[in-house]
Amino acid sequence: MADATYTPAEYRAVVAGLVPEMPVVPTPLADCRGLVLAEDVVAPVSLPPFDNSAMDGYAVRAEDVATAPVSLPVADDIPAGRTDVRPLEPGTAHRIMTGAPLPPGADAVVQVELTDAGTGTVHITAPVPAGKHLRRVGEDVRAGTVVLRAGTVLGPPQLGLAAAVGAADLPVRRRPRVVVLSTGSELVEPGTPLEFGQIYESNSVLIAAAVRELGGLATVLRAVPDDVPAFRRVVADVDADVLVTSGGVSAGAYEVVKDALTDHGVRFVRVAIQPGGPQGSGTVDGLPVIAFPGNPVSAALSFELFLRPALLTAMGHPTPDRPRTRARVTTPLTSPSGKVQYRRAHLDSGRVQVVPVGGPASHLLASFAAANCLIEVPAATTAIPEGTEVDVVLLT
């Protein structure tokens, strides 16, 4: 396309260069899910921190039960959490609960199912070997070892491990603060009665949800009409890491974002993609501004291709890209020469066939909602026969 300024890869780099790396902040564990660890976590304690019982039962010396069935006096009771554990004397047993400290002198635990569950004297019906039903100190983690590496994306197992070694908070790259603003005098907030010529505003809902899904903080401003002074006043009041706008970036009249921010730090260009060609990006008084087209699929695709990887990289994610695969398309496709086309599609569960959903038009939001992937058609390809293997970008 002769008037295209950027390839998708080139423009992705432009957007990535505008989104600042998020600072590292100590954050309580409860607020760390989905964030990226910025420094290694070294365990100050071992896991388990002491030898303990893996079963409810009786702590014994294996040699004392080798000739079972046998009866032993129960000399002590050890619940989990007890700190004053007395040594086990030969020829006796201590009743013990799961997780309770193993008394000195014991080398095995007889599970309660092999006993009569006695409290004064216990009758043991079968022998157990030394080491049976024990959890040894450091069996899982040794004190002084790295348990979580910098760059780890923190999910429930990682946060549970951090808590288990005593961490109350973790050094993570904080969540990016993104303000989302749609423009257009035709836009009406959902829930408000529509008049002729009006449409419900959906882009801010879509983009904000996408920001939150990847772990960012999104604030939605009400849609701004096609009024340049009003738009500039709104932008001047934004306090965020990134401002994302939708609409008002193309070549027509009433392009409020373009009219307001051209020569004010934002450059408006075309990118060789379909849909989503017109784009804008830059900084206004130090605020990164990413300006998407207004058609909903164009805005959604622009987020996927350009802003999503930039935000994830800023948060320290080691793999900011969506996973990809290849599959055979079930119908023939056409694509404009010189543009990378992204077609909404549904990949079957076996990842063998991919079925296009809807057409390429940028207003067909229902087809985007029904898709679980995108077919990527290279810029040099204008026709794809049925059954051809294509590149597929997974969205779920």
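Residues numbered from 1 in each chain as written. Predicted model: local features only at pLDDT ≥ 70, side-chain atom pairs only at ≥ 80, totals over all residues. Heavy atoms only, no water.

(A) View of the pattern of salt bridges. This structure, assessed with the given rule, holds 15 salt bridges. The salt bridge involving Arg82 is made with Asp84; its shortest N-O contact spans 2.9 Å. In this structure, Asp241 engages Arg174 in a salt bridge whose closest nitrogen and oxygen atoms are separated by 2.8 Å. Within this pair, whereas Asp241 is found in the loop between helix H4 (228-236) and strand S16 (242-246), its partner Arg174 is found in the loop between strand S11 (169-173) and strand S12 (177-183), the two being separated by 67 residues in sequence. (Salt bridge = Lys/Arg side-chain N within 4 Å of Asp/Glu carboxyl O. Helix = DSSP H or I, 4+ residues; strand = E, 2+ residues; numbered from the N terminus.)

(B) Highlighting the sheet that holds strand S8 (residues 121-124). Taken together, the five strands give an open sheet; going across it, the order is S7-S4-S6-S5-S8, and neighbouring strands pair in mixed fashion. On the outer flanks of this sheet lie strand S7 (108-111) and S8, each paired with one strand and no other. Strand-to-strand twist across the sheet, computed as the mean angle between neighbouring axes with direction ignored, equals 40°. In terms of strand pairing, strand S5 (residues 70-78) meets S8 through four bridges, oriented antiparallel. Residue pairing in the sheet places Pro73 in a bridge with Thr121 of S8. (Pairing = 2+ DSSP bridges. Axes fitted to C-alpha atoms, helices over the stretch in contact; angles between N-to-C directions.)

(C) Representation of H4. For H4, the complete set of buried residues consists of Ala230, Phe231 and Val235. Projected down its long axis, H4 carries its buried residues within an arc of 135°, all on one side. Opposite the buried face of H4, by more than 90 degrees, sit the exposed residues Arg233 and Ala236. For H4, the elements touching its buried residues are S12, strand S15 (217-224), S16, helix H5 (256-261), strand S19 (278-284) and strand S20 (287-292). By the N-cap criterion, in which a side-chain oxygen at the helix start approaches the backbone nitrogen of a residue two or three places on, H4 is capped by Asp227, the distance to Ala230 being 2.9 Å. (Buried < 20%, exposed > 50% of the residue type's maximum accessible area, 1.4 Å probe, protein only. Arc of directions from axis to C-beta. Contact = heavy atoms within 4.5 Å. Polar contact = N/O pair within 3.5 Å; in protein donor to acceptor, adjacent residues only side chain to side chain.)

(D) Here's a closer look at the packing of aromatic side chains. This model, assessed by the stated rule, comprises two aromatic pairs. Aromatic side chains Tyr6 and Tyr11 sit 5.7 Å apart centroid to centroid with 55° between the ring planes, which places their arrangement in the tilted category. Both residues of the pair, Tyr6 and Tyr11, count as buried. Among the aromatic residues, those joined into a cluster by ring pairs are Tyr6, Tyr11 and Phe306. (Phe/Tyr/Trp six-rings, centres within 6.5 Å; stacked < 30°, edge-to-face > 60°.)

(E) View of the nonpolar core. Within the largest apolar cluster, 55 residues are counted, with the highest numbers of intra-cluster contacts made by Leu154, Leu170, Ile207, Phe292, Phe303, Leu307 and Leu311. The leading source of residues in this core is helix H6 (residues 296-314), at twelve residues. Beyond its immediate sequence surroundings of up to four residues, Leu307 is in contact with Val15, Val19, Val244, Ile290, Phe292 and Ser302. With 19 residues, the next largest nonpolar core counts Val224, Phe231, Val235 and Leu287 among its residues. (Core = buried A, V, L, I, M, F, W, Y, C linked by side-chain atoms within 4.5 Å.)

(F) Just the sheet that holds S16, in detail. The six strands lie next to each other as S15-S12-S16-S20-S19-S17, forming an open sheet whose pairing is mixed. Taken across any chain shown, the strands that pair with only one partner, and hence form the sheet edges, are S15 and strand S17 (266-270). The mean inter-strand angle of the sheet, taken between neighbouring strand axes irrespective of direction, is 20°. In this sheet, S19 lies alongside S17 in antiparallel orientation, the contact comprising five bridges. Among the inter-strand pairings, Arg267 is bridged to a residue of S19, identified as Ser281. The sheet contacts of helix H1 (residues 8-18) involve S17, S19 and S20, and relative to S19 the element is tilted by about 25°. Together, S12, S15, S16 and S20 form the strand contacts of helix H3 (residues 203-213), whose direction differs from that of S15 by roughly 170°.

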